Amino acid sequence: MDGVLKGFFVVGVVLLIGYLLARTNALGPHGTKVLSTLTFMVGLPSLMFSIIATRHISEVLSQTGLIALITAVSVMALFAITGAICRWGVRRTTIGALATGIVNSTNLGVPLSLYVLGSATFVTPIMLFQLAILTPVALTILDLTDPAGKKASVRRILATPFRNPVTVAAILGIIVSAAGIELPALALDPLVLVAQLTVPLMLIIFGMSLHGLSPRQGTGDRAPTLLAVILKSGVQPALAWALAVFVFHLDDFSTFVVTACAILPTGQNVVLYAVRYGVGQNLAQSTAVITSVLAVPLLLGAAWLLG
């Protein structure tokens, strides 16, 4: 399980750097806002386009992708239904649903897949599903429900996805992928270079956002946070295992793969969205932290039981 521990160690160091930057106020009072804007407007769109455009979108329909899709949609739907019943608000419920369904498939998923499972391709379908489908839909909802936005109209609803750089990048990536277009290196390499700053910056932003975070703050977020953690770290892995064994009839190794991928904690990009849109920040932060802590024993336990 060296791969699991290495992955978490690397992430932990970068988070600590972000925390220390915030604690020492090294970037000033607007540091988090500037970094989140840079990441959201430049880094994340470059990452989305470069990943989606260079892979075939049909990879989402692999067995790993299908199980990831079913489990993510299931837990997000459960959170959304509960949020509607409890009246947590559309925007906060959207962030909470993302926290239950978006897994850390990049900076934790890739090392885990490479070091433990032997290939980084196991998380590719999950990355594509999250980047090409889940994220654009969720960001469109957040844009449409912005209290400072204009009154909703058919024209505005249809145009909303095209005003968001992340969604536009995903749509363009899907078009290029579906059309089978091979982009020349001269056009793709600058985007790949810019994309490389995205994951470190998201981790640094996450670390900075942890400064001042207290379990006593945001008492109204305790119930949604508890639900998000239960769904993410408990229900989603259990459902992935059940689907792998009883529906898809996968072998032991493949069952471990899909279960391990479901155990991955909440992605740090959910925290970026919460900071960017100014909603559910404590919910996203707390869920990401708790699920990251729980992921270590859960991954080790899954390896022992299924490996």
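As a reminder, the structure under discussion sits directly above these lines.
None of these values were measured; they are calculated from a predicted model. (Residues numbered from 1 in each chain as written. Predicted model: local features only at pLDDT ≥ 70, side-chain atom pairs only at ≥ 80, totals over all residues. Heavy atoms only, no water.)

What follows concerns a nonpolar patch on the surface. A contiguous nonpolar patch, built from Val 289, Ile 290, Val 293, Leu 294 and Leu 298 and spanning about 350 Å² of accessible area, is present on the exposed surface. Tracing the backbone shows Leu 294 in helix H14 (residues 281-306). (Patch = residues over 30% accessible without salt bridge, like charges linked within 9 Å, V, L, I, M, F, W, Y side chains within 5 Å. Areas by Shrake-Rupley, 256 points an atom, 1.4 Å probe, with all protein chains shown as cover. Salt bridge = Lys/Arg side-chain N within 4 Å of Asp/Glu carboxyl O. Helix = DSSP H or I, 4+ residues; strand = E, 2+ residues; numbered from the N terminus.)

Okay, helix H11 (residues 222-247) next. Over its 26 residues, H11 runs 35 Å from end to end, which matches the ideal 38 Å to within 8%, given 1.5 Å per residue. Largest kink in H11: about 35 degrees, centred on Leu 231. Regarding H11, the residues found buried are Pro 224, Thr 225, Ala 228, Val 229, Leu 231, Lys 232, Ser 233, Gln 236, Pro 237, Ala 240, Leu 243 and Ala 244. (Expected span 1.5 Å × (residues − 1). Bend = angle between axes of the 7 residues up to and from the residue. Buried < 20%, exposed > 50% of the residue type's maximum accessible area, 1.4 Å probe, protein only.)

A few words now on H14. Between its first and last C-alpha, H14 extends 35 Å over 26 residues, near the 38 Å set by a 1.5 Å rise per residue. In the structure, H14 departs most strongly from a straight axis at Ala 295, where the bend amounts to approximately 35 degrees and where the proline Pro 297 lies between one and four residues downstream. Considered for burial, the residues of H14 that qualify are Asn 282, Leu 283, Ala 284, Gln 285, Ser 286, Thr 287, Ala 288, Thr 291, Ala 295, Leu 299, Ala 302 and Ala 303.

What follows deals with the packing of helix H13 (residues 268-277) against H14. Relative orientation and spacing of two packed helices are given, respectively, by the angle between their axes and the distance between those axes. It is at 8 Å that the axes of H13 and H14 come closest, and there the two elements cross at 165 degrees. Compared by their axis directions, H13 and H14 come out roughly antiparallel. As for the relative orientation of H13 and H14, their crossing is left-handed in sense. In this structure, H13 contributes Val 270, Val 271, Ala 274 and Val 275 to the contact, and H14 contributes Gln 281, Ala 284, Gln 285 and Ala 288. Classifying every residue of the contact of H13 with H14 gives 6 nonpolar, 2 polar and no charged. (Axes fitted to C-alpha atoms, helices over the stretch in contact; angles between N-to-C directions. Parallel < 35°, antiparallel > 145°, perpendicular 65-115°, else oblique. Left-handed = near helix turned anticlockwise from the far one by under 90°. Contact = heavy atoms within 4.5 Å. Nonpolar A, V, L, I, M, F, W, Y, C, P; charged D, E, K, R; others polar.)

Side chains that carry opposite charge are capable of pairing whenever their charged atoms lie near each other. Enumeration over the complete set of coordinates arrives at 1 salt bridge. Asp 221 is the partner of Arg 92 in a salt bridge, and the nearest nitrogen-oxygen pair spans 2.6 Å. Remark: Asp 221 occurs in the loop between helix H10 (198-210) and H11 and Arg 92 occurs in helix H4 (residues 90-101); sequence separation between them is 129 residues. Residue Asp 221 is classed as buried on the basis of its relative accessible area of 12%.

Packing of H11 against helix H12 (residues 252-263) leaves a shortest axis separation of 8 Å and a crossing angle of 160 degrees. Between H11 and H12, the angle falls in the class roughly antiparallel. For H11 against H12, the interelement crossing comes out right-handed. Residues Lys 232, Gln 236, Pro 237, Ala 240, Trp 241, Ala 244 and Val 245 of H11 touch H12, and the partners they reach there are Thr 255, Val 258, Thr 259, Ala 262 and Ile 263.

Mapped onto the elements, Asn 269 comes out in helix H13. Setting aside residues up to four positions removed in sequence, Asn 269 forms contacts with Ile 102 and Met 202.

Here we take up unusual backbone geometry. Backbone geometry at Asn 25 places phi at a positive 55 degrees, although glycine is not the residue there. With respect to the helices and strands, the residue Asn 25 is situated in the loop between helix H1 (2-23) and helix H2 (31-53). Here Asn 25 falls in the partly exposed class, since its relative accessible area comes to 47%. Here His 249, not a glycine, exhibits a phi torsion of approximately 55 degrees, which is positive. Note that His 249 resides in the loop between H11 and H12. Overall, the relative accessible area of 60% leaves His 249 in the exposed class.

No statement about biological role is implied by the geometric values presented.
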